[in-house]
Amino acid sequence: MAMLLLFFLLAVSVVSADEDAFIGVNLGTDLSNMPSPTQVVALLKAQNIRHVRLYDADRAMLLALANTGIQVTVAVPNDQLLGIGQSNATAANWVTRNVLAHVPATNITAIAVGSEVLTTLPNAAPVLVSALKFIHSALVASNLDRQIKVSTPHSSSVILDSFPPSQAFFNRSWDPVMVPLLKFLQSTGSYLMINVYPYYDYMQSNGVIPLDYALFRPLPPNKEAVDANTLLHYTNVFDALVDATYFAMSYLNFTNVPIVVTESGWPSKGDSAEPDATVENANTYNSNLIRHVLNNTGTPKHPGIAVSTYIYELYNEDLRPGSVSEKNWGLFNANGMPVYTLHLTGAGTVLANDTTNQTFCVAKDGADPKMLQAALDWACGPGKVDCSPLLQGQPCYEPNNVVTHATYAFNAYFQQMAKSSGTCDFKGVATITTTDPSHGTCIVPGSVGKNGTIVNGTSLAPSSNSTTSGCLSQYFHGDGSFTSSVIVGILVLSAVLM
């Protein structure tokens, strides 16, 4: 019986053996459940993520992404699709507000028009291609059509009989949409976007698909799936789904349209009905996927052809409705803590620069300065943090403001407490990040310095005759004079074992 391989996730910018594939991330559907845009961008930069996909065109996020060089895919939400698909003027206005207002500072390189429209919003299907054409026309008018490609993401469930891949074809009921869509993509030099989730294919296969096959784990030759028509061997679900998409396009006589897989991942937690939604499996899948993509392995049908992938998703979405697994696709928790550390030795630098092993506690954007000052006083007093580096003339005195000083003290306490749960809150004015807040000569506890050493946050408690009482604000934000005894501390340097 043919296996129906449902949702899948990978993205290709150009089908070319000469271009390296990239790994990008999806930011998720609910930006309100994430850190601030500036903190999100800081994480992207820290993890060397150079490609990101939004599910809308959020203004604050696009402004935060300005001047970073990060390549951004913005989206027309499904609830705006009907209006844009029926009016060239509405499409032009959307481009003006959401694209022209941000380029060139923000490096927008693609627009995803809708999301899985054929399977989730079929009543809009008749205007889908018109919407793409109207958006593209607006880009042509602004001379941006070469820089910004236009497409629409599909669920891989639009492909029927996806194994063997050589027999795959699109659901024929969608031919009136797929054929003009593929003609549009071909004529504009764009690509087919497809969302494919091997996790769901595995779950729905009733044991037909082995877990190792879904997770990219090595298989003995006799366990590999073989396409009897082409004799191509498939060692993982991901490659089979990508090739099924290529063959489905070939069935409609389109052989030169690249594929962008706009979503792929594995949940790290599930309910009792989803026993394989685990941290270990999520780590295995995403680590193997990233290696597979960045090695430019390609697929059995197109070996060596770049297949770039957007991982779903950067953050867990705790407030998302639905099953437990729906909330747990993220690489990071909403507080910035990694859900797991990816196993990416030899996979390049993206998401592999060991910053997942480093977390810091910093002052939250927009926090009340008086609350920050009170928290700073507590950390340097009852919190027993060594705040002497914040004194005038010391490495962390400049810039002399409460945000920077509070960040140092908060992080020192966080590291001192071994990053224990609840030690980076300070009545709501602190947050966890993977971005190292060190600056200049100020190397914060927990930071890997230029010399390859890590600063340990362990410190000595204030001596019993100290007269500071934790109120260091009188020294840091007054005239800078020092008239009292100082909290004694020690910074322990230890070699980082890589």
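- Labelled according to an unreviewed UniProt entry, the protein appears under the name glucan endo-1,3-beta-D-glucosidase, originating from Lithocarpus litseifolius.
- Per its UniProt entry, the protein bears the Sequence similarities (unreviewed entry) comment "Belongs to the glycosyl hydrolase 17 family."
- Looking at the protein in UniProt, the text filed under Catalytic activity (unreviewed entry) is "Hydrolysis of (1->3)-beta-D-glucosidic linkages in (1->3)-beta-D-glucans."

1. Here's the deal with the pattern of salt bridges
For step 1, the next point in the chain: For the structure shown, the criterion picks out six salt bridges.
For step 2, the next point in the chain: A salt bridge links Arg53 to Glu263; its shortest N-O distance comes to 2.8 Å. With a gap of 210 residues between them, Arg53 in strand 2 (residues 51–53) and Glu263 in strand 12 (residues 259–264) connect regions that are remote in the sequence.
For step 3, the next point in the chain: Judged by its relative accessible area of 1%, Arg53 is buried.

2. Regarding the state of the cysteines
For step 1, the next point in the chain: In the structure shown here, the tally under the stated rule is three disulfides.
For step 2, the next point in the chain: Across the disulfide, Cys361 is cross-linked to Cys424 (sulfur-sulfur distance 2.0 Å). Around the S-S axis, the bridge from Cys361 to Cys424 shows a dihedral of about 90° and counts as right-handed. Note that Cys361 is positioned in strand 14 (residues 360–363) and Cys424 in the loop between helix 13 (402–416) and strand 15 (430–433), a separation of 63 residues in sequence.
For step 3, the next point in the chain: Residue class for Cys361 comes out buried when judged on its relative accessible area of 0%.

3. Points about unusual backbone geometry
For step 1, the next point in the chain: Tyr312 connects to Glu313 through a cis peptide bond whose omega is 5°.
For step 2, the next point in the chain: Looking at the element boundaries, Glu313 is found in the loop between strand 13 (309–311) and strand 14.
For step 3, the next point in the chain: Of note, the bond from Glu398 into Pro399 is cis; its omega dihedral lies within 30 degrees of zero at -5°.
For step 4, the next point in the chain: Secondary-structure assignment places Pro399 in the loop between helix 12 (369–380) and helix 13.
For step 5, the next point in the chain: Although it is not a glycine, Glu116 adopts a positive phi angle of roughly 50°.
For step 6, the next point in the chain: With respect to the element layout, Glu116 can be found in the loop between strand 4 (108–113) and helix 5 (117–120).

Rules used throughout
Residues numbered from 1 in each chain as written. Predicted model: local features only at pLDDT ≥ 70, side-chain atom pairs only at ≥ 80, totals over all residues. Heavy atoms only, no water. UniProt positions renumbered as here; feature names shortened; annotations may be inferred. Salt bridge = Lys/Arg side-chain N within 4 Å of Asp/Glu carboxyl O. Helix = DSSP H or I, 4+ residues; strand = E, 2+ residues; numbered from the N terminus. Buried < 20%, exposed > 50% of the residue type's maximum accessible area, 1.4 Å probe, protein only. Disulfide = S-S within 2.5 Å.

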